[in-house]
Each structure stands twice: as C-alpha cells, then as structure tokens.
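Listed here are the chains, written in short residue letters.
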Amino acid sequence: MIPIRARRPNPYSASPLDRASARREDAAFLAAARESPDSLFVPVWRGQSLLAGEAEAVRGVFLAGAEADPWRVDAPWAFLGLWQGRPVFAIDCGAAEAPPAFAAPAFGETTRFADLRAAAGALPEAEAAILAHARGLLHWRARHRFCGVCGAACEARSGGNTLVCTRCETPHFPRTDPAVIMLVVQGDAALLGHSPRFPVPEMYSTLAGFVEPGESLEEAVAREVFEETGVRVGAVTYHSSQPWPFPASLMLGFYAEAQSTEIVLDPAELSDARWFSRADIRNHKALGFRLPRGDSIARRLIEDWLESG
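Since the model is a prediction, treat every value here as computed from it, not as a measurement. (Residues numbered from 1 in each chain as written. Predicted model: local features only at pLDDT ≥ 70, side-chain atom pairs only at ≥ 80, totals over all residues. Heavy atoms only, no water.)

Draft legend 1. Spotlight on the overall build of the protein chain. What the protein chain contains, in helices and strands, is 6 helices and 17 strands. Computed over the C-alpha atoms, the radius of gyration of the protein chain is 22 Å, within 12% of the 19 Å expected from 2.2 N^0.38 for a compact globule of 309 residues. Dimensions along the principal axes, computed over C-alpha positions, put the protein chain at roughly 60 × 50 × 35 Å. In the protein chain, once contacts between residues fewer than 6 apart in sequence are set aside, the share between residues at least 24 apart is 67%. By element, 52% of the accessible surface of the protein chain is carried by carbon and sulfur atoms, the whole surface being about 14700 Å². Taken as two groups, the 31 positive and 38 negative side-chain charges of the protein chain have centres that lie 2 Å from each other. (Helix = DSSP H or I, 4+ residues; strand = E, 2+ residues; numbered from the N terminus. Rg over C-alpha atoms; globule rule 2.2 N^0.38 Å. Contact = heavy atoms within 4.5 Å. Areas by Shrake-Rupley, 256 points an atom, 1.4 Å probe, with all protein chains shown as cover. Lys, Arg positive; Asp, Glu negative; His and termini not counted. Charge placed at Lys NZ, Arg CZ, Asp CG, Glu CD.)

Okay, here's the thing in structure tokens:
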C-alpha cells in the first residue's frame, strides 16, 4: 500500500506557541506575566470559545490590557505558553451564569461565545490551535477537581497544567484519549459509514474508535473496522494526527487496506456503511450524501485519498 502523505496541517494542529514548560514552575514569572498588559488571555465559557466576525472573516478574540483586568485574579487560569514572546493564558469564565460580553474593537462589533467547531475551519490556523488548546485544558481542569485516588480536592500547580491532591499529594496530568480514525480502501473504492449519532442525517464519514489498553494503533484500526463493518484489513499506514478537544481526544489518522468487502454492520455503531468510488465521492452532492465537516481529520483523509488517484 503506497503511503498517502498529509498535504497540509490538520485544523487545530498548527500551534504557534512555545509551550515554555520550564516556565510553569516559575511563580515569579507567572505572577508578572498575569499582570502584564502585553499578555494575552483566551476566555472559555462552559466549553465555548470567544469569536468575532462572520463566515470567512471569523477570528478568535484574545484579551489584553484593560479588557483582561476583570479576569486576572479570580477566574481559574492556565499558562499555555508564549506567542511571539507574549505570555498566553487560558481563563475559565464558566462561573458566570450568562456568557460575558467583550468588545472587539478590531472587528467593530461585540464578540460571542460559540462552539469552536462552528467556525468550521474558517479560523486562521494559529488561532484555531490556541483556542483548541485552551478549551481542552480547561475542560480537563473542570472535570478533574477531585483526586481519583482518595477523593480529596485538587489544586492547580505548574501554571495550571497539573492538578495535585491536597490530601495524598498525587499529581494528575491532563488526559488525552487516543482514538484511531481510518479510511478503509480497496483499489478505487473507499468504505464510509453513517452513524445514527451524526448531527447530519446524510453524512457519511470514515470509521473511528478509541484505543483500548494493551492495544497497538494498528491493532485498534483492524479491530474497530471489523467490529463495525465485518471488513478485514491488512496493511495500515499512518497519515497524520489532530488534537480534538471535543472533549479530550487525539485523533490518529490512518489508511487501511481492505482484505474483504462484504459488510456486516454493528447496528449499535452504524446504521449504514457502503463502498464509494472516487467518482461517487467527488459527486457526493448530486448523489445525495454529505462528507464530514471541513475541520475534521476525516475530511482530510478523504480529500488526500481523492488527490492521490
């Protein structure tokens, strides 16, 4: 199976940040950075990111100076890193009952909190990656407030990148769940499935599933494909990866070469699966089905496969 290379970075994976992990233990640096008018603050309200603009002109909003003053002290925060030398912090605005209102002078309009995926790949790559980073880290913080060992409360350390139990002192680190996502191919055909959980009824996408303990990535690909469709696969080749903080996954993209074509569905996972030719996929609108959203690695796997043939 000839490897198909990623033609460009996946959305959310082109971070411009120097994560500056050595600075996370520098209390003096962090205190000064949080007070600096040059520092940037990335607000997150209950999993939603602060955006401004519409359609192709949508941008992420980063607070600085006086705009950030109300959030410098009381809101939970985490140090994300340095962007062109400027410290960047995520701030959790979730305690507010309603989304806070912020001005966006550069856009001449009021900002809005929205699901990051609603920007659908229109955000500049660097901004999308930082917003995803902030969302993922604060989601973990909000859902791991208590120690999984003894049940006591945890407190943030290392610039908000670690939680430590206040009783047994067990450190807890941000959780990322590895998931394989794969386009199964044979010759000029690719296997796409429809899940009843998809938000769009007409959408067909690649297969995917979480990696289980004690399992290699290649084993996870073969197991998930067989469990969901009954198709056996042989060669598995890596394509690319993508942070997917919805809520806390790392998507690991592969192509898998089918050794069989008969489909036997697992109805708990898929309501339909079909083999589509390249011509079918290129003509998907006329044929009445839709492809996955533009900000997904699933879409990149499909597009790069189309380009390879």
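So, next bit.
Draft legend 2. Fine view of unusual backbone geometry. Look at the link from Phe246 to Pro247: it is a cis peptide, with omega at 15°. Position of Pro247 relative to the elements: it lies in the loop between strand S15 (233-244) and strand S16 (249-258). Positive phi is not limited to glycine here, since Arg46 has a value of about 50°. A positive phi is found at Gln84, a non-glycine position, where the angle reads about 50°.

Draft legend 3. Representation of the sheet that holds strand S11 (residues 171-172) within the structure. Spatially, S9-S10-S11 is the arrangement adopted by the 3 strands of the open sheet, whose pairing is antiparallel. Of all the strands in the sheet, just strand S9 (154-157) and S11 have a single pairing partner and so form its edges. Examined bridge by bridge, strand S10 (residues 162-165) and S11 share 2 bridges and lie antiparallel to one another. The residue of S11 that forms the bridge with Val164 is Pro171. (Pairing = 2+ DSSP bridges.)

Draft legend 4. Structural context of the nonpolar core. Within the largest apolar cluster, 53 residues are counted, with the highest numbers of intra-cluster contacts made by Leu80, Leu183, Ile281 and Trp305. No other element matches helix H2 (residues 125-143), which puts 8 residues into this core. Sequence-distant contacts of Trp305, defined by excluding residues within four places in its chain, comprise Ile4, Leu183, Val185, Gly187, Asp188, Ala189, Ala190, Tyr255, Phe276, Arg278 and Ile281. Core analysis: the second largest hydrophobic core is formed by 20 residues, Ala68, Phe79, Cys93 and Phe102 among them. (Core = buried A, V, L, I, M, F, W, Y, C linked by side-chain atoms within 4.5 Å. Buried < 20%, exposed > 50% of the residue type's maximum accessible area, 1.4 Å probe, protein only.)

Draft legend 5. Structural context of the pattern of salt bridges. According to the stated counting rule, one finds 18 salt bridges in the structure shown. Each member of the salt-bridge network shares a partner with another, and the members are Glu212, Glu215, Arg223, Glu224 and Glu227. (Salt bridge = Lys/Arg side-chain N within 4 Å of Asp/Glu carboxyl O.)

Draft legend 6. Representation of H2 within the structure. Its 19 residues give H2 an end-to-end C-alpha distance of 27 Å, which sits within 8% of 27 Å, the value for a rise of 1.5 Å per residue. Counting buried residues along H2, 15 of its 19 residues qualify, which places the element largely inside the surrounding structure. (Expected span 1.5 Å × (residues − 1).)

Draft legend 7. Layout of the side chain of Glu215. Summarising the element assignment, Glu215 is placed in the loop between strand S14 (207-210) and helix H3 (217-229). When its relative accessible area of 17% is taken as the criterion, Glu215 is described as buried. Of the polar contacts made by the side chain of Glu215, one reaches the backbone nitrogen of Glu212; its length is 2.9 Å. Of note is the side chain of Glu215, whose polar atom sits 2.6 Å from the side chain of Arg223. If sequence neighbours within four positions are ignored, Glu215 has contacts with Phe210, Ala220 and Arg223. (Polar contact = N/O pair within 3.5 Å; in protein donor to acceptor, adjacent residues only side chain to side chain.)

Draft legend 8. Up close: the packing of aromatic side chains. For the coordinates displayed, the defined rule picks out 12 aromatic pairs. Between Tyr204 and Phe276, the aromatic rings sit 5.5 Å apart at their centres with planes inclined by 70°, giving edge-to-face as the arrangement. Separated by 72 residues along the polypeptide, Tyr204 in the loop between strand S13 (189-194) and S14 and Phe276 in strand S17 (residues 272-277) bring together distant segments of the chain. For the pair Tyr204 and Phe276, a shared accessibility class is recorded, and that class is buried. Aromatic pair Tyr204 and Phe289: ring centres 6.0 Å apart, planes at 80°, arrangement edge-to-face. Of this pair, Tyr204 sits in the loop between S13 and S14 while Phe289 sits in the loop between helix H5 (284-287) and helix H6 (297-308), placing them 85 residues apart in sequence. Residue classification places Phe289 among the buried positions, given a relative accessible area of 5%. Taken together, the ring pairs in this structure connect Phe29, Phe41, Trp77, Phe79 and Phe89 into an aromatic cluster. Positioned over the ring face of Phe29 is Arg23, at 4.3 Å from the centre of the ring. Over the face of the ring belonging to Trp305 we find Arg278, whose NZ or CZ atom lies 4.0 Å from the ring centre. (Phe/Tyr/Trp six-rings, centres within 6.5 Å; stacked < 30°, edge-to-face > 60°. Lys NZ or Arg CZ within 6 Å of the ring centre and 35° of its normal.)

Draft legend 9. Seen up close, the pairing of strand S12 (residues 177-186). Of all the 10 residues making up S12, 7 are buried; the element is thus mostly covered by neighbouring parts of the structure. One ladder, built from 4 bridges, connects S12 with S14; its direction is antiparallel. By the bridge assignment, Ala179 is partnered in S14 with Phe210. Taken together, the 3 bridges between S12 and S13 define a ladder with antiparallel strand orientation. If you follow Val185 over to S13, its bridge partner there is Ala190. With antiparallel pairing between neighbouring strands as the criterion, S12 and S13 make up a hairpin whose turn holds 2 residues, including Gly187 at a positive phi of roughly 60°.

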